Amino acid sequence: MCAIAGILGLYADDSTLHKMLHTMCRRGPDATQWCDIENGYLLHARLAVIDLEGGCQPMRFHDAGEEYSIVYNGELYNTQELRQELERLGHCFLGHSDTEVLLHSYAQWGENCLEKVNGIFAFAVWEKNSRRLFLARDRMGVKPLFYTQVEDGLIFASEIKTLLVHPQVRAELDAEGAAQILLLGPGRAPGSGVLRNIRELEPGECAYYEDAKLQIRRYWKLLDREHHESFEDTAAHVRELVLDAILRQTVSDVPIGTFLSGGLDSSLITAICAKKMGGKQLPTFSVDYVDSDKYFVPNKFQPNSDGEYIRLMQKTFHTDHHWCILSPDDLVAELENATFARDLPGMADVDFSLLAFCRQIKPHVTVALSGECADEIFGGYPWYRDPEVRNREGFPWAQNTAYRISLLVPGLQQKLAGEDYVRSLYEKTCRESDILPGTDATEVRMKQMVNLNLRWFMQTLLDRKDRMSMYSGLEVRVPFCDYRIAEYLYGVPWAFKDHKGKEKGLLRTAMEGILPEEVLWRKKSPYPKTMDPKYLHIVTSRMEQLLKNKSAPLFQLVSTGAVRKVLQEEPTWPWYGQLMRRAQTIAYLLQVNAWLEHYNVDLLF
């Protein structure tokens, strides 16, 4: 994994280029480099994972009278198949990196190479003689790619902070950006970078930049199809896809491990990786909190703690297990770092803990596999299975627009048209869902739910995983984000996915025999968070101190009276998802203030 950036049609002196590279070094700590192209530059910071000697970037290739230059962030999981096909077509390779294979693939097939690659990626290719730039992002949106157009120029980068280094790019927040921060956050609209004039190439999109014009097209989306397989055949198909996806993602020239929460998804990945180790111990990693047993309170989302299941997995598969134990002080200490890692306010202590966790993992491994995205694809979240929530209009993980609006300063409430704004984005995503004619109402709604989750909620989690891990130069792979799994599952009936009335019942049945039964059939448990009352006390104290500062930028957006009310009352609905309750809402607002201050954001309303 790496960081990439580029400038076309705009001047940048060496000082600016060095500053841009400096912002990229956490993602790519092993090497930094830039190259000149016509009227521009390509920049790269490398985290070396495959072909440590031969995979340096920017990488150039001459073919059929054209010179191609690539900067690439990602990992291809079908590199060998592509390489063999290209060799049959006459291509010769200098090393064994996936970067070189991707570059040759583009030279051979142009933008159609995207139909052939299986992986997570964001990359740019400059065609010297054609004088055009090609940009692409992976189908599921695992790797980021932001851009901004300034006058007759384009700047792109893996992270927003890199764009903001250029003197012609400013951190400005208009009314729509404020609506995203306060009414949608930590989610954001597809393609938006929240700040004015900063955009992100959406998952499954590619673009050409030529003659100062950017032309974007979607090369992939979920398409509905008829499903004719029996449940037994469907389960067998799922097992084949999941096993193949996990095994493909174990390829690495550096040490590899797994996140292990004791839940179904991370446990499946751990079991399969452990079996592949050939007698060597697989490094596994879990996060927990000081006095977690003392403060844990069972609820309908989390009826039991994870520890007993983690220990069972460790014992069953003889893993080399590492615990990361965090205190409330450890969490709050990461509030600003997590905000700067994401370049936006995030998921509060869910981000803070992951940032600290990844920092502790990095000395042991460079690559780790994680279980994100199974819930979105297989229907694991409560809002898939609760008919009341499922059938309610609006984003199911944030049924609190009126509450959010009540926090705003009065003038901003009038400018944002909050309910209409949120509803319009929700309805747009539902309309864009591809659904076959004649589909019954339940299946229509479930396909809408899949698209809502993949295009919104999952993107927030992928942002979190990418930024918190890459902040420490740790590459995290997400096998359940293999696009083949998403494509296949989209057409599978909901009754199959909900087999036995159990969340992810199809996945559990498909993977029988791989895990201990206690783990295979345990109730879904969300990412662990601390229930220590000290955490609420710390963030409350920090907010009380901030309230004494009347010039704090937060209070240009949110009323002090409303914030004081937040300090005293538990909201009816979580701020976002299942985990962001009162303490996390307070922490999120603290993140908003830290973000406005650190990025010196100008408010344009």
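Before reading further, recall that the structure is shown in the block above.
Described in the following lines is the structure provided in the data block. The structure displayed is predicted, hence computed values, not measured ones. (Residues numbered from 1 in each chain as written. Predicted model: local features only at pLDDT ≥ 70, side-chain atom pairs only at ≥ 80, totals over all residues. Heavy atoms only, no water.)

### Focus on the overall build of the protein chain
Part 1: When its secondary structure is counted, the protein chain shows 26 helices and 19 strands.
Part 2: Over its C-alpha atoms the protein chain spans a radius of gyration of 23 Å, differing by no more than 12% from the 25 Å that the globule rule assigns to 605 residues.
Part 3: Overall, the protein chain is about 70 × 60 × 55 Å in size when its C-alpha atoms are taken along their principal axes.
Part 4: The proportion of buried residues among the 605 residues of the protein chain is 64%.
Part 5: Within the protein chain, counting contacts between residues at least 6 apart in sequence, those at least 24 apart form 73% of the total.
Part 6: When the accessible surface of the protein chain is split by element, carbon and sulfur atoms take 49% of a total near 22,700 Å². (Helix = DSSP H or I, 4+ residues; strand = E, 2+ residues; numbered from the N terminus. Rg over C-alpha atoms; globule rule 2.2 N^0.38 Å. Buried < 20%, exposed > 50% of the residue type's maximum accessible area, 1.4 Å probe, protein only. Contact = heavy atoms within 4.5 Å. Areas by Shrake-Rupley, 256 points an atom, 1.4 Å probe, with all protein chains shown as cover.)

### Some thoughts on the pattern of salt bridges
Part 1: Considering all chains together, one arrives at 47 salt bridges under this definition.
Part 2: When the shortest N-O distance is used, the salt bridge between aspartate 463 and arginine 467 registers 3.5 Å. Residue aspartate 463 and its partner arginine 467 are located together in helix H19 (residues 441-470), separated by four residues, close to a single helical turn. For the pair aspartate 463 and arginine 467, one class covers both residues: buried. (Salt bridge = Lys/Arg side-chain N within 4 Å of Asp/Glu carboxyl O.)

### A short note on the packing of helix H6 (residues 231-248) against helix H20 (residues 483-490)
Part 1: Running from N to C, H6 and H20 point in directions that differ by 165°, and their axes come no closer than 9 Å. Taken together, the axes of H6 and H20 lie roughly antiparallel to each other. Between H6 and H20 lies a crossing whose hand is left-handed. Contacts between H6 and H20 involve Thr234, His237, Val238, Leu241, Val242, Asp244, Ala245 and Arg248 from the former and Arg484, Ile485, Tyr488 and Leu489 from the latter.
Part 2: Taken together, the residues of the contact of H6 with H20 break down into seven nonpolar, two polar and three charged. (Axes fitted to C-alpha atoms, helices over the stretch in contact; angles between N-to-C directions. Parallel < 35°, antiparallel > 145°, perpendicular 65-115°, else oblique. Left-handed = near helix turned anticlockwise from the far one by under 90°. Nonpolar A, V, L, I, M, F, W, Y, C, P; charged D, E, K, R; others polar.)

### Overview of a negative patch on the surface
Part 1: Together, Glu308, Glu512, Glu517 and Glu518 make up a negatively charged patch on the protein surface.
Part 2: Note that glutamate 518 resides in helix H23 (residues 517-520). (Patch = residues over 30% accessible without salt bridge, like charges linked within 9 Å, V, L, I, M, F, W, Y side chains within 5 Å. Lys, Arg positive; Asp, Glu negative; His and termini not counted. Charge placed at Lys NZ, Arg CZ, Asp CG, Glu CD.)

### Some words on the packing of helix H24 (residues 533-547) against helix H26 (residues 582-598)
Part 1: Where H24 meets H26, the axes come as close as 9 Å, and the angle between the chain directions of the two elements is 40°. If you check the angle between H24 and H26, you find them oblique. With respect to the hand of their crossing, H24 and H26 are arranged in left-handed fashion. Here Tyr535, Leu536, Val539, Thr540, Arg542, Met543 and Leu546 of H24 lie close against H26, whose contacting residues are Arg582, Ala583, Gln584, Ile586, Ala587, Leu589, Leu590 and Asn593.
Part 2: When grouped by side-chain class, the residues that make up the contact of H24 with H26 number ten nonpolar, three polar and two charged.

### A word on the sheet that holds strand S14 (residues 256-259)
Part 1: Taken in spatial order, the five strands line up as S16-S15-S14-S17-S18 in an open sheet, and their pairing is parallel. At either end of the open sheet lies a strand with only one pairing partner, and these are strand S16 (320-326) and strand S18 (475-477). Within the sheet, the average angular offset between the axes of one strand and its neighbour, ignoring direction, is 30°.
Part 2: Taken strand by strand, helix H7 (residues 264-276) contacts S14, strand S15 (283-289) and strand S17 (367-369), and its axis lies near 155° from that of S14. (Pairing = 2+ DSSP bridges.)

### Things to note about the nonpolar core
Part 1: Core analysis: the largest hydrophobic core is formed by 205 residues, its most contacted members being Phe123, Met140, Phe378, Leu515, Met543 and Trp595.
Part 2: Element by element, the count of residues in this core is highest for H19, at twelve residues.
Part 3: In contact with leucine 515, not counting residues within four places along its chain, are Leu264, Ser267, Leu268, Ala271, Met313, Phe317 and Leu520.
Part 4: Counting residues in hydrophobic clusters, the runner-up holds 19 residues, among them Ala122, Tyr147, Ala207 and Tyr209. (Core = buried A, V, L, I, M, F, W, Y, C linked by side-chain atoms within 4.5 Å.)

### Quick word on the sheet that holds strand S12 (residues 205-210)
Part 1: Pairing is antiparallel in the open sheet, where six strands are placed in the order S4-S5-S6-S7-S12-S13. Only two strands of the sheet have a single neighbouring strand rather than two, namely strand S4 (59-63) and strand S13 (213-218). Going across the sheet, the axis of each strand differs from the next one's by a mean of 20°, ignoring polarity.

### Thoughts on the pairing of strand S3 (residues 40-46)
Part 1: Counting buried positions over the seven residues of S3 gives seven, a clear majority of the element.
Part 2: Of the two faces of S3, both are covered, the one formed by Gly40, Leu42, His44 and Arg46 as well as the one formed by Tyr41, Leu43 and Ala45.
Part 3: Sheet topology places strand S1 (residues 2-8) next to S3; seven bridges connect them, and they run antiparallel. Looking across to S3, one finds that isoleucine 4 is bridged to histidine 44.
Part 4: Of the pairings in the sheet, the one linking strand S2 (residues 31-37) to S3 comprises seven bridges and is antiparallel in character. Counted as the bridge partner of alanine 31 is arginine 46 from S3.
Part 5: A loop of two residues connects S2 with S3, the two strands running antiparallel in sequence, and asparagine 39 in this loop sits at a positive phi of about 60°.

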